[in-house]
Amino acid sequence: MPVRAIPARGALLAVALLGLAGCSYLPTAAVQGVPGAGLFDSPRQFRGHAVTDEQLGQIVPGVTTRDDVEALLGSPSSSATFDPSEWYYISAITHQRPGRTLGIVQQDVVVVAFDGTGTVRQVRKLGLEDGREVQMVDRVTPSPGNERSMMQQLFGNIGRVGMTGQQQQGPGAASPTSGR
C-alpha cells in the first residue's frame, strides 16, 4: 500500500506555521523601509543614568546648589577623579554584537560643575562624538621571581604535595628544624 504524502505535508505545514508564529518577538527593522533589515539585529538596551532635557532646564547656573541637583537628578554616576566639584551623569543605548563586546549606539554624558561654595557653575551635555580614542600601552610590568614556562606552571607542584604526615620537599617546604 503506498504511503500517503498528504498527512506528512499537512504536519510539515503546521510545524512551519507554529515556528513562524513565534517570530513576533523579533526586533523591528533597523533600517526604515527595508523589510527584514532588523531581523537579526540585537535589541537595544538602555544603560546608565539618563537626564532629560526637562530636568536640565531646572538647573540654573549660579542659583542651583549641589543638594538641589542631587534631589533633582539623584546621585551622579561618577565624579571627577582629581576635582570632586564635577559630577557626571552617564547613559548609553547599547546592543550586543555577535561574539564581541557591547556596541554603543548612543551615549550621553551630563557634566555638572560646581564652584567653591557648592553652587552650579556650568552644565554641559556631551555625546559619543565628544569622546577621544585612548591608546592602550602593551608593556608589561615586570614582577620579581622566576620566569617559568607554561609547562613549569602547570606541572610545577607535582611531587610537592604529599599525604598527611609526609614531609614535603622543594622550595617553600618547611625545614625539619623550623618547628613545624
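Definitions and limits used
- Residues numbered from 1 in each chain as written.
- Predicted model: local features only at pLDDT ≥ 70, side-chain atom pairs only at ≥ 80, totals over all residues.
- Heavy atoms only, no water.
- Helix = DSSP H or I, 4+ residues; strand = E, 2+ residues; numbered from the N terminus.
- Buried < 20%, exposed > 50% of the residue type's maximum accessible area, 1.4 Å probe, protein only.
- Contact = heavy atoms within 4.5 Å.
- Areas by Shrake-Rupley, 256 points an atom, 1.4 Å probe, with all protein chains shown as cover.
- Polar contact = N/O pair within 3.5 Å; in protein donor to acceptor, adjacent residues only side chain to side chain.
- Phe/Tyr/Trp six-rings, centres within 6.5 Å; stacked < 30°, edge-to-face > 60°.
- Lys NZ or Arg CZ within 6 Å of the ring centre and 35° of its normal.

**Student:** What is the right way to read the overall build of the protein from this model?
**Tutor:** Scanning the protein from N- to C-terminus turns up four helices and five strands. In the protein, the succession of α and β elements from N to C terminus is α-β-α-α-β-β-β-β-α. Taken across its 180 residues, the protein has 16% of its residues classed as buried. In the protein, 38% of the contacts between residues at least 6 apart in sequence involve partners at least 24 apart. With the model as given, the accessible surface of the protein reaches about 14,600 Å², and the carbon-plus-sulfur share is 57%.

**Student:** It is not clear to me how the side chain of Thr64 should be interpreted in this structure. Could you clarify?
**Tutor:** Along the polypeptide, Thr64 turns up in the loop between helix 2 (53-57) and helix 3 (66-73). Residue Thr64 is classed as buried on the basis of its relative accessible area of 8%. Within polar-contact distance, the side chain of Thr64 engages the backbone nitrogen of Val60 at 2.8 Å.

**Student:** Explain the packing of aromatic side chains to me, please; I cannot follow it from the model alone.
**Tutor:** Where two aromatic rings form a pair, the distance of their centres and the angle of their planes describe that pair. Overall, the coordinates contain one aromatic pair when judged by the stated rule. Their ring planes at 75° and their centres at 5.0 Å tell us that Trp87 and Phe114 sit as a pair that is edge-to-face. Linking Trp87 in strand 3 (residues 86-96) with Phe114 in strand 4 (residues 102-114), this pair joins segments that are 27 residues apart in sequence. Phe114 shares its class with Trp87; the two are buried. A cation sits over an aromatic face here: Arg66 above Phe114, 4.5 Å from the ring centre.

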